[in-house]
Amino acid sequence: MKIAAMLDCGKVDPKDIKRRGETVVNTIRIATYAHQLDEALRLLDKALAEGYETFMNVMAVSTLEPAEVDAFLDRLRDSGVHNVAIVDSFGALFPYHVQHLFHVYQNRLGEKIKVGIHTHNNQQQAFANTIAAIDAGADFVDATVHGIGRGAGNCPLELLLFYLDNPRYDVRPILELVDEYATLRDELRWGYHLPYAITGFYNVHPRAGIQRMSRPDRYECREMYETFTGRFGERSGGAD
């Protein structure tokens, strides 16, 4: 087992990264948007210098044009990073997007960098997209107990373990945790809900869905849908 820390680009200074061995952390994961890549690479350089295994999560890839994706991948290819994740921050992707992106990432990054995926469940695609990445040859995939995560949450770990059906993995301890997490799910309202489906469909940040879920009329979503339709048209672009 490894313990990882996620660094949110723009909210941490490279000097805050201590030498590996001085903390319980083995791995540094850097979450960044493509336009922040200069700052993210400074964090990466410091993490590498201090001896950590490193991941780069370039968020909201569904909002980027193909040339923008190629540009940040080309910069990461020679950066020294060990792992790069396809990150569907807005839950806007479908399996055919994932399969295409996986091959783009793999071809651009080369054989030395491992490629995986981090999904969100706005449109009930987190599990399907994770399977698509596995079928495409992913080196790692992200999942959380009962899908817990901001907004619509992530790929449920227990479903992933059922799918893998590997004697190396024991799902029973996870199932014990799910019983506790189910109560939290009701309290915090993460997971698939219509407001998150609408933000995922329109390929936008889930903050509007999060705000909607705090309202008593949270499931009366026709008005929300019409508002987004008027703002973006029938569908926002960029998912390809």
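Criteria and thresholds
- Residues numbered from 1 in each chain as written.
- Predicted model: local features only at pLDDT ≥ 70, side-chain atom pairs only at ≥ 80, totals over all residues.
- Heavy atoms only, no water.
- Helix = DSSP H or I, 4+ residues; strand = E, 2+ residues; numbered from the N terminus.
- Rg over C-alpha atoms; globule rule 2.2 N^0.38 Å.
- Buried < 20%, exposed > 50% of the residue type's maximum accessible area, 1.4 Å probe, protein only.
- Contact = heavy atoms within 4.5 Å.
- Areas by Shrake-Rupley, 256 points an atom, 1.4 Å probe, with all protein chains shown as cover.
- Lys, Arg positive; Asp, Glu negative; His and termini not counted.
- Charge placed at Lys NZ, Arg CZ, Asp CG, Glu CD.
- Phe/Tyr/Trp six-rings, centres within 6.5 Å; stacked < 30°, edge-to-face > 60°.
- Lys NZ or Arg CZ within 6 Å of the ring centre and 35° of its normal.

Comments concerning the overall build of the chain
Within the chain, the secondary structure is distributed over nine helices and six strands. On C-alpha atoms alone, the chain measures out to a radius of gyration of 18 Å, which is about the 18 Å that the 2.2 N^0.38 rule sets for 240 residues. With the C-alpha coordinates of the chain rotated into their principal frame, the extents come out at 50 × 45 × 35 Å. For the chain, buried positions account for 47% of its 240 residues. Across the chain, the fraction of contacts at a sequence separation of at least 24, relative to all contacts at a separation of at least 6, is 72%. Split by element, the accessible area of the chain, about 12,500 Å² in all, is 51% carbon and sulfur. Side chains of the chain give 26 positive and 33 negative charges; the mean places of these two sets differ by 4 Å.

A short note on the packing of aromatic side chains
Using the criterion set out here, one finds eight aromatic pairs in the structure. Seen in terms of ring centroids, Y202 and Y225 are 6.0 Å apart; in terms of plane orientation they differ by 50°. Their pairing is tilted. Within this pair, whereas Y202 is found in the loop between α7 (194–201) and α8 (207–213), its partner Y225 is found in helix α9 (residues 222–232), the two being separated by 23 residues in sequence. On the basis of relative accessibility, which here comes to 30%, the residue Y225 falls in the partly exposed class. Centroid distance Y202 to F228: 5.9 Å. Interplanar angle 25°. Geometry classified as stacked. Here the residue Y202 occupies a position in the loop between α7 and α8, and F228 occupies one in helix α9, the gap between them amounting to 26 residues. Each member of the pair Y202 and F228 is classed as buried. Here R231 stacks its cationic end above the ring of F228, 5.0 Å away from the centre of that ring.

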